[in-house]
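Inside the fold
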Amino acid sequence: GIAICAHIVSGLTIVIVNKMIVHDHGLHAPALVSSTGALCTAAFTRLLVFFGVVNVKPVGPKPWDFAFRRALPVGVFAAGSLCFGNMSYIYLDAGFVQMLKTGTPAL
């Protein structure tokens, strides 16, 4: 129950804060808003690995092959999704964006 409530509250809060940053405060750089979250996640993950909280397993004998064939396409499309998703805050109301986000798992 608590996790579901936290998910609902945090999703709504993120939509409203992103809308305020992009639309109300005039920061028309959706890629900057999106990349800030990804950068913080990457930094936190690197700290967890550095302090030994998380162990990293090798991906196999060809790490560059894995990186370019599997990880890079996923990263490019995820970045595009974040950028275009935040661009919608310029033109759409926060309530409508929240409805779209809620309906996405149903697709």
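Rules used throughout
Residues numbered from 1 in each chain as written. Predicted model: local features only at pLDDT ≥ 70, side-chain atom pairs only at ≥ 80, totals over all residues. Heavy atoms only, no water. Buried < 20%, exposed > 50% of the residue type's maximum accessible area, 1.4 Å probe, protein only. Helix = DSSP H or I, 4+ residues; strand = E, 2+ residues; numbered from the N terminus. Arc of directions from axis to C-beta. Axes fitted to C-alpha atoms, helices over the stretch in contact; angles between N-to-C directions. Parallel < 35°, antiparallel > 145°, perpendicular 65-115°, else oblique. Left-handed = near helix turned anticlockwise from the far one by under 90°. Contact = heavy atoms within 4.5 Å. Phe/Tyr/Trp six-rings, centres within 6.5 Å; stacked < 30°, edge-to-face > 60°. Expected span 1.5 Å × (residues − 1). pLDDT = per-residue confidence, 0-100. Patch = residues over 30% accessible without salt bridge, like charges linked within 9 Å, V, L, I, M, F, W, Y side chains within 5 Å. Areas by Shrake-Rupley, 256 points an atom, 1.4 Å probe, with all protein chains shown as cover. Salt bridge = Lys/Arg side-chain N within 4 Å of Asp/Glu carboxyl O.

Comments concerning helix H4 (residues 94–103)
In an α-helix there are 3.6 residues to a turn, and that puts residues three or four apart on one side. Residues Ala94, Val97 and Gln98 constitute the buried set of H4. Looking down the long axis of H4, one finds its buried residues gathered within 100° of arc, a one-sided arrangement.

Side note on the packing of helix H1 (residues 2–24) against H4
Between H1 and H4, whose axes approach to 10 Å, the crossing angle comes to 140°. Taken together, the axes of H1 and H4 are oblique relative to one another. You can see that H1 and H4 cross each other, and the crossing is right-handed. Mapping the contact onto sequence places Gly11, Leu12, Val15 and Lys19 in H1 and Ala94, Val97, Gln98 and Lys101 in H4.

Some points on the packing of aromatic side chains
This structure, assessed with the given rule, holds two aromatic pairs. Ring centres of Phe50 and Phe51 lie 5.2 Å apart, and the angle between their planes is 75°; on these two criteria the pair is classed as edge-to-face. Both residues of the pair, Phe50 and Phe51, count as exposed. Taken together, a centroid distance of 6.0 Å and an interplanar angle of 25° make the contact between Trp64 and Phe68 stacked. Placement of the pair is Trp64 and Phe68 together in helix H3 (residues 63–91), with a separation of four residues, close to one helical turn. Across this residue pair, the class does not change: Trp64 and Phe68 are exposed.

Examining H1
Between its first and last C-alpha atoms H1 spans 31 Å; for 23 residues at 1.5 Å apiece the expected length is 33 Å, and the two agree. Buried within H1 we find Gly11, Val15, Asn18, Lys19 and Val22.

Topic: the environment of Leu92
Relative to the elements of secondary structure, Leu92 occurs in the loop between H3 and H4. With 73 residues separating them along the chain, Leu92 and Lys19 place their C-alpha atoms 8.9 Å apart.

Structural notes on the confidence of the model for the protein
Taken residue by residue, the protein gives an average pLDDT of 81. The fraction at 70 or more is 93%. Looking at the elements of the protein, mean pLDDT is at its lowest for H4, recorded as 74, and at its highest for helix H2 (residues 30–50), recorded as 84.

Re the environment of Leu27
As for its placement among the helices and strands, Leu27 is situated in the loop between H1 and H2. Taking the C-alpha atoms as reference, Leu27 lies 9.6 Å from Ile90; in sequence the two are 63 residues apart.

What to know about a nonpolar patch on the surface
On the surface, a cluster of nonpolar side chains totalling about 720 Å² of accessible area is made up of Leu47, Val49, Phe50, Phe51, Val53, Val54 and Val56. Positionally, Phe50 belongs in helix H2. Owing to a relative accessible area of 65%, Phe50 belongs among the exposed residues under this scheme.

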